[in-house]
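Summary of structural features
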Amino acid sequence: MTLLTIGIEQLVQWRYGVVAALGFTLLVWGVRTENATRTGIGGLLLIGPALSPGT
C-alpha cells in the first residue's frame, strides 16, 4: 500500500506540481488519521492545480 501511495504521489507531482503532491499527501494523511481539517486542506490543494488554466 505504501509503494502504491508513493507512486501515485509521484505521478501527481509530475503532472500537477509540488502543490498538488502536498495536497495529495495531506489528503491521504487526513483520511488515515480521520482528521477532517487535514483532509479538507489536502483536497483544496489537490483541486487547485487541476482547475487552474495552464499548458
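A brief structural summary. (Residues numbered from 1 in each chain as written. Predicted model: local features only at pLDDT ≥ 70, side-chain atom pairs only at ≥ 80, totals over all residues. Heavy atoms only, no water.)

1. Thoughts on the environment of Gly30
The condition that has to hold: Strands here are runs of E lasting at least two residues and helices are runs of H or I lasting at least four, both read from the DSSP assignment and numbered beginning at the N terminus. Only protein chains enter the area calculation, which uses a 1.4 Å probe; residues under 20% of their type maximum are buried, those over 50% are exposed, and those in between are partly exposed. Note on contacts: a residue pair is in contact if any heavy atoms of the two residues lie within 4.5 Å.
Checked against the element boundaries, Gly30 lands in helix 2 (residues 18-33). For Gly30, a relative accessible area of 1% gives the class buried. Setting aside its immediate chain neighbours within four residues, Gly30 contacts Asn35, Arg38 and Thr39.

2. Some points on helix 1 (residues 2-16)
Definition in use: Each helix should span, by expectation, one fewer than its residue count multiplied by 1.5 Å.
In a regular helix each residue adds 1.5 Å, so 15 residues correspond to 21 Å; helix 1 covers 21 Å between its end C-alpha atoms and thus fits that length. Where helix 1 ends, the next residue or the one after it, Gly17, has phi of about 105 degrees, a positive value.

3. Examining unusual backbone geometry
Generally, phi is negative for residues other than glycine and the peptide bonds are trans, each holding for most cases. Unlike most non-glycine residues, Glu34 shows phi in positive territory, near 55 degrees. With relative accessibility at 75%, the residue Glu34 sits in the exposed group.

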